[in-house]
Amino acid sequence: MKDDNQQFDVASHFVAILEKDDSLSPGIAAIKTLLMVLEKTKFDTVQEFHSTLQAAVGAMRKTDKPMTSVVSGTELFSRFITLAKFDDKTMDEVREIMLNRGKMFLEKLLESRNVIAKQAITFISEGCRILTHARSRTVREALILAAKNNKRFHVFVTHSAPDQHGEQMVQELENAGIDCTLILDTAIGYVMETVDMVLVGAEGVVESGGIINRIGTVTMAICAKEMKKPFYALVESFKFCRLFPLNQRDLPNEYKYNKKNLKDTTKVHPMVDYTPPGYITLLFTDLGILAPSAVSDELIKLYL
């Protein structure tokens, strides 16, 4: 194996991508990083290729960025680029095929949000009131597209403690001409009875059709179900992950906590929670609009 740039730092490159482009999810940034690894490294054997990619993913997993979509996205990326036939090919040719397939895979993923937004806006009616949680880039894109289609609606956005991502979401939506109200996380129950639907993003979708998302999502989902409000999750298919949690404790700690807190999690709050499929009305994905029960079938197709 020959590295064309011995100074290439996988973790630093991954973090720099996210800092440079705030619109990217960590999963997309991880795939961009793996493509860079492919471009900068020459392999003598397929085994070296797999080892190098695994090491690169391991380096990214040591950063303090959200890990759910990094794990699922890199697994799907690695599987997709190795599905081609490599019989009678030199390693340089194999590397070129993998690079081309990787770029094709990334290009498709970058279109995912637009596909999802077009599906979601058909559910947004004139004058409706929407509740969303924190700052989902996918939800934001759907709402902005709805506004561009001359739909008028009002969005309630939670502050999302502790980092107050909701404030940034409100600013971005208001810049797009959308009426918004920033609410306390504890005001979910008060506001729920006045809204027509809940739209949330997700950091991951598990095999059961449940979602992993920003802490407080499961509280919002329980409240929505009790008040008979539809609860929709907007999520890209590269976030489908091979996990089957039965409760909050089943989520891997590296998904729930910052790296600096992993040694002792007894006195820190988790960054994400798990919302069971029974609380989710529909999932809007780039594979189509899915009932939670359909996710397991789609996962099988993705990993075949």
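Residues numbered from 1 in each chain as written. Predicted model: local features only at pLDDT ≥ 70, side-chain atom pairs only at ≥ 80, totals over all residues. Heavy atoms only, no water.

S.K.: Quick one: what's the story with the nonpolar core, residue by residue and with numbers?
M.R.: One finds Phe14, Leu131, Met192, Ile211 and Phe231 to be the most contacted residues of the largest nonpolar core, which totals 72 residues. Of all the elements, helix α2 (residues 26-40) adds the most residues to this core, at eight residues. Split by domain, the residues of this core number at least three in each of domain 1 (10-112) and domain 2 (114-303). In contact with Met192, not counting residues within four places along its chain, are Leu131, Val198, Met220, Cys223, Ala224, Met227 and Lys229. The next biggest cluster of nonpolar side chains, apart from the first, holds 24 residues, and it includes Val139, Ala142, Ala146 and Phe284. (Core = buried A, V, L, I, M, F, W, Y, C linked by side-chain atoms within 4.5 Å. Buried < 20%, exposed > 50% of the residue type's maximum accessible area, 1.4 Å probe, protein only. Helix = DSSP H or I, 4+ residues; strand = E, 2+ residues; numbered from the N terminus. Domains from an automatic or database assignment. Contact = heavy atoms within 4.5 Å.)

S.K.: Give me the lowdown on the pattern of salt bridges, citing residues and values where you can.
M.R.: Evaluated as defined, the whole model comprises 11 salt bridges. In this structure, Arg135 and Asp22 form a salt bridge, with 2.6 Å as the shortest nitrogen-oxygen distance. Remark: Asp22 occurs in the loop between α1 (10-20) and α2 and Arg135 occurs in the loop between β3 (129-132) and α7 (137-148); sequence separation between them is 113 residues. Its relative accessible area of 14% is what places Arg135 among the buried residues. A salt bridge links Lys301 to Glu298, with the shortest nitrogen-to-oxygen separation between them at 3.5 Å. Here Glu298 and Lys301 lie together in helix α12 (residues 295-303), a separation of three residues that amounts to about one turn. (Salt bridge = Lys/Arg side-chain N within 4 Å of Asp/Glu carboxyl O.)

S.K.: Quick one: what's the story with the sheet that holds strand β4 (residues 154-158), residue by residue and with numbers?
M.R.: Judged by pairing direction, the sheet is mixed, and its seven strands sit side by side in the order β5-β4-β3-β6-β9-β11-β12 without closing on themselves. The open sheet has two free edges, formed respectively by β5 (179-183) and β12 (288-290), since each of these has just one partner strand. Averaged over all adjacent pairs, the angle separating strand axes in this sheet is 25°, with direction ignored. Two elements, β3 and β4, share four bridges in a ladder whose sense is parallel. Following the sheet pairing, Leu131 is matched in β4 by Phe156. Together, β9 (231-234), β11 (282-285) and β12 form the strand contacts of helix α6 (residues 112-120), whose direction differs from that of β11 by roughly 135°. (Pairing = 2+ DSSP bridges. Axes fitted to C-alpha atoms, helices over the stretch in contact; angles between N-to-C directions.)

S.K.: Could you give an account of the packing of α1 against α2, naming the residues involved and the relevant values?
M.R.: The contact between α1 and α2 brings their axes to 9 Å, and the two run at 135°. In terms of axis orientation, α1 runs oblique to α2. In this structure, the crossing between α1 and α2 has a hand that is right-handed. Of α2, the residues touching α1 (which contributes Val10, His13, Phe14, Ile17 and Leu18) are Pro26, Ala29, Ala30, Lys32, Thr33, Met36 and Val37. (Parallel < 35°, antiparallel > 145°, perpendicular 65-115°, else oblique. Left-handed = near helix turned anticlockwise from the far one by under 90°.)

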